[in-house]
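Coordinates in review
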Amino acid sequence: MLRSTFLGYKTATSALKVNQNHMDVVGQNISNINTKGYTRQRLDISSVAFNTSNLKYGTPGPVIGQGVNANGVSQFRDAFLDLRYRMETSKAGSEQVQLEALRDLESVFDEISMDKLDAQFSDLLTQLHSLTSSPSDPVMEGVVRTSAEILTQMFNDYSRDIETIYNQQLNYLENGAVEKVNELTKNIAKLNQQIKESNISGNPALELNDERNMLVDELSNYIDIEVDIEPLNIGGGKTIDELVIRLSGTTYELVNRNNSNTISVNEQNGLIKIELTGATDTDDITNFIKGGQIDGYLKFLNGKGEFATVDDIDPVNGYEKAAEVKGIQYYNNMLDTLANKFATVMNELNRKPDSFDIDGNVQTWITKPLFGARGADPSDPDTEIIRAGNIKISDDWASATDSYITNTIKEKAGVDEDNTGAVDNILRMINAFNAKNEFDVDRDPSTTNDILFKGTFQEFLSYTTTKLNLQTADVQISFDTYSETQFHIDYARSSMSSVDLNEEGVNLLQYSKSYNAAARLMTTLDEMLETLINRMGV
Amino acid sequence: MRITTSMMSNKYIKNLNKSAYEMNYLSEKVETGRKFVKGSEDPVSAIKAYKLRREYRTTEIYDTNIRDVESFLTAAETNLTEISNNMESVYTSYLKGINGTMNDEDREIIAKQLENLQRSILTSLNAKFEDRYVFGGTNKEEIPFTLDMNGNLLFKGLDVNDPANKEALDKLANETINIDLGLGMTFNGDGELNTDTVFDMSMSGIKFMGYGGTDDNPENLYNLIGKIKDELRNPDFSIDKISPYIDRFEEQKKQVLVHITDIGAKTNYLDFLKTRNEDNQFNLNKKLLEVEFEDPAEAIVNFKMQEYSYNAALSMGNRILQNSFIDFMK
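One structure accompanies this document, and this report is about it. Only a predicted model underlies this, so the values are computations on that prediction, with no experimental measurement involved.

Details of the nonpolar core
- By size, the foremost hydrophobic cluster in this structure holds 105 residues, and its most contacted members are Phe155(A), Leu173(A), Ile294(A), Met346(A) and Phe371(A).
- Ranked by the residues each element gives to this core, the list is headed by helix H4 (residues 138-200) of chain A, at 19 residues.
- Beyond its immediate chain neighbours, meaning those up to four positions away, Phe371(A) contacts Ala148(A), Thr152(A), Phe342(A), Ala343(A), Met346(A), Asn347(A), Ile386(A), Ile391(A), Lys392(A), Ile393(A), Ser394(A) and Trp397(A).
- Within the second largest apolar cluster, 59 residues are counted, among which are Leu158(B), Ile179(B), Met201(B) and Tyr211(B).

Structural notes on the pattern of salt bridges
- Tallying each qualifying case throughout the model produces 50 salt bridges over all chains.
- Glu348(A) serves as the salt-bridge partner of Arg351(A), at 3.6 Å between the closest nitrogen and oxygen.
- Taking the relative accessible area as the measure of exposure, Arg351(A) reaches 25% and is therefore partly exposed.
- Residue classification places Glu348(A) among the partly exposed positions, given a relative accessible area of 46%.
- Across the pair Glu484(A) and Lys14(B) runs a salt bridge whose closest N-O atoms are separated by 3.0 Å.

So, the interface of chain A and chain B
- Every contact between the two is made by 65 residues of chain A and, on the other side, 54 residues of chain B.
- Buried surface at the junction of chain A and chain B, summed over both partners, amounts to about 5200 Å²; 55% is from carbon and sulfur atoms.
- Contact with chain B buries surface across chain A, with Ile112(A), Asp418(A) and Tyr491(A) losing the most and accounting together for 14% of the total.
- Our enumeration of links across chain A and chain B arrives at five salt bridges.
- Residue Arg2(B) is joined to Glu503(A) by a salt bridge in which the shortest nitrogen-to-oxygen separation is 2.7 Å.
- Between chain A and chain B we count 24 residue pairs in polar contact (both at pLDDT 80 or more) in total.
- Looking at which element gives the most residues to the side of chain A that touches chain B, the answer is helix H10 (residues 457-497) of chain A, with 18 residues.
- For the side of chain A that touches chain B, the residue count by class is 22 nonpolar, 25 polar and 18 charged.

As for the sheet that holds strand S4 (residues 153-155) of chain B
Residue and element names in this part refer to chain B.
- Strand order in the open sheet made by the three strands is S3-S4-S5, with antiparallel pairing throughout. Whereas interior strands pair on both sides, the edge strands pair on one side only; in this sheet they are strand S3 (145-147) and strand S5 (158-159).
- Of the strand pairs in this sheet, S3 and S4 are connected by three bridges, and their pairing is antiparallel. Its bridge partner lying in S4, Leu147 is registered against Leu153.

Details of unusual backbone geometry
All names here are of chain A.
- Although it is not a glycine, Ser136 adopts a positive phi angle of roughly 60°.
- Topologically, Ser136 is positioned in the loop between helix H3 (117-133) and H4.
- Among the residues examined, Ser136 registers a relative accessible area of 4% and is labelled buried.
- Unusually for a residue other than glycine, Ala205 sits at a positive phi of about 50°.
- With respect to the helices and strands, the residue Ala205 is situated in the loop between H4 and helix H5 (206-222).
- Residue classification places Ala205 among the buried residues on the basis of a relative accessible area of 6%.

Digging into the sheet that holds strand S5 (residues 253-256) of chain A
Residues and elements named next belong to chain A.
- Taken in spatial order, the four strands line up as S3-S4-S5-S6 in an open sheet, and their pairing is antiparallel. Two strands lie at the open edges of the sheet, namely strand S3 (225-235) and strand S6 (259-260), each paired on one side alone.
- Across three bridges, the pairing between strand S4 (residues 238-247) and S5 is antiparallel. Across the sheet, residue Val244 finds its bridge partner in S5, namely Asn256.

Quick notes on a nonpolar patch on the surface
- Together, Met1(B), Ile3(B), Met8(B), Met316(B) and Ile320(B) make up a nonpolar patch on the protein surface, roughly 450 Å² of accessible area in all.
- In this structure, Met1(B) sits in the segment before helix H1 (5-32).

The rules behind each value
- Starting afresh in each chain, residues are numbered from 1 along the sequence in its written order.
- A letter from A marks each chain and a number from 1 marks each ligand, given out in the order of writing.
- Local features are withheld for residues below a pLDDT of 70 in this predicted model, meaning they are given only at 70 or higher, and side-chain atom pairs are given and counted only at 80 or more; totals for whole chains, interfaces and linings count all residues.
- The basis for every side-chain value is the complete set of non-hydrogen atoms in the structure, without hydrogens or water.
- In this text, buried Ala, Val, Leu, Ile, Met, Phe, Trp, Tyr and Cys residues form a nonpolar core when linked through side-chain atoms within 4.5 Å.
- Residue burial is assigned from relative accessible area. The probe radius is 1.4 Å, only protein chains are included, and a residue is buried under 20% of its type maximum, exposed over 50%, and partly exposed in between.
- Each helix is a run of H or I in the DSSP string that is no shorter than four residues. Each strand is a run of E no shorter than two, and both are numbered from the N terminus.
- Throughout, a contact is declared for two residues whenever any of their heavy atoms are within 4.5 Å.
- By definition here, a salt bridge exists when the distance from a side-chain nitrogen of Lys or Arg to a carboxyl oxygen of Asp or Glu is within 4 Å.
- A simple way to read buried area is as the amount of 1.4 Å-probe accessible surface that goes missing from two parts once joined, with both sides added.
- Any N or O atom pair separated by 3.5 Å or less is treated as a polar contact, with the protein-specific requirement of one donor-capable and one acceptor-capable atom, and with residues adjacent in sequence counted only for side-chain atom pairs.
- Polarity classes work like this: nonpolar for Ala, Val, Leu, Ile, Met, Phe, Trp, Tyr, Cys and Pro, charged for Asp, Glu, Lys and Arg, and polar for all others, with Gly in that last group.
- At least two bridges found by DSSP between two strands is the condition for calling them paired.
- Like-charged residues are merged into a patch within 9 Å and nonpolar side chains (Val, Leu, Ile, Met, Phe, Trp, Tyr) within 5 Å, provided each residue has over 30% relative accessible area and no salt bridge.
- Each accessible area is a Shrake-Rupley estimate made with a 1.4 Å probe; only the visible protein chains count as cover when residues are assessed.

Next comes the structure, spelled out in structure tokens:
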């Protein structure tokens, strides 16, 4: 077959051009070596074959290729690694939020390096013991009262601190995580639009893809998502990919192509709910969220443990996990239970006999409560339940100028007997600190199937603190595991996608050599033509 | 696996950070001397620590209580010895008085002496320790021992000779002031104290002074002295008339000595309790140290080791991140 005279020039030009493109891609890779989210690119090339299909006759002799062609630029990226990375990120996100919140909560209860509630219980006990050596003494009782008052204030402080943490975490959820999700979905939708437009015009928009991937990664930290690629036929036999992001395992769409939906926080019967507002309607998605920071916030804010009611775990109106997760509401309820039990027991012990029967047994009692609830109606103080947040010294005790603590409940030997030095009832109070009380979920001693714990006041406090410590340690381990896995998947992802200087250096050398070779080809062809045209036959 | 520049630096930074965190954690241990600063670091030790602290605080309470009771008993012993000495003086006085060689005037002098001794005994009976009457049982505000118009003794306003008061006085004589000294105080099912689990520090004066009888035939030591005194002043003084009172007096007087011995026994028991409590305290303190506090030498060694590996990591970084192929290109 005849070879056209200038055939080789085309091959040399394509080689020069492709090697130039190679160098440009290397340049792009090297310049973005430190760009966050950048995926290493490569030039997709193929060799150009000599097209023989339009020839009338067969081709005798060799058919030689016609150089090289650059088809486009693509990325080194593994969709499966992305998927796994996002799953782990969701898990780590959830644990991280819980860990930080639990640590805050722990600092309320923790008494390792500071004397707090447990020590104050012991202090009150010490003061009651001192009272046995001078009972009925208003001064000594004043010391007891001060100690009891500090105890109630500590309960109040704990309760206030817990409330602060609750509000803080709710604020983080509302103005942090939820806002962030809405911002991310909005930006992803916008990027979807831009990428689609670029794709239609034939631009792969790799950098925009990197940016979108990064946003999706970030989104998976806040909420567990599922990313779907939906092909779109744009005519001419070409399809492009469009992105839909759904809440994992559901049909709730956070991003649908160019549109994003917003989520919002809704407080309902003391539970935090998350709602998804789409184009047409609003759905409650609280019970479908299984991972991400938002899941962590929901667990921490709604977790009630044994205190969860049937309404609380309602799959529609409640929070399904409320009973299985111990969050801030659980610990708050534990503290309330302790304050209530303590006040009830001590109030009961301080009552004074009013009359005795013939055998010297008490017939009627006068109540003399030591503790009350702040904000209770003075005419009917029992209506307000005593909790950690409202426990206080009873008004009668606070304003007592004379002895108020009942030192004895024994009948006097004579009507005028002075028994102000008797201590039998103070011993009863002291004993109350060593007595095993039953702590109920609903503070109703008549129902026996809901006992949380049986022990002394201080043991119950330790039990609560230890529960919290163990949970914190547990979440810490989960978080470490998930974030370690996350790091390793990211490591594997980097192994595929990140730029390596050695490699780019080698490529640089290789492509510059190839470029030189292509140029040399051109020169050689030129010399050949020179020979053919100018020197032949001279 | 393909290893890239950023992978190396990322992993290096992560490990360096981990190492720095560990170093910070260990240095905190050296500085505070504690094994853990937060409960979640070691929940099991934390729960132990809370329990040991509570037990330790309780031993401190018992220590104070034991010392308080000890001081009270010392005061009781001093006053009771005083009373006992006065009783001996009464004894020697009336021995002189009933001597047949005495005339009325001599007996009047002795009667006067007995009167003085009665006053002195009354003072001792009403002795106070801190704000409690030593022999007054549960009395704090009212003087337990007073006299009626006839010079007869009243205990908490009750005539000790009046048989009608017998029941009330029985009750008062057996009054208890129980103190929790760490004997494992418990209440029984009826809400009544199990008395063997507490320490009774009451010293009801009426118990050793005696009560009951009649106005003419008192059982009480003070009233008996009064009767002896009256008989000494009686113009028809006779041994026969006075001897029943003397016999009764000598009989009841023994009770005072019995009580002094009783205090001695109680003090010994307190000494035993104190030693036991102190041993307990010492052991708890030792355990607490073991659970909560780090051995300083070990903490420093651990820290030094970590510092060493941190430095090694630092110097490694310089090497890892130094060169690439680019540096060798010509």
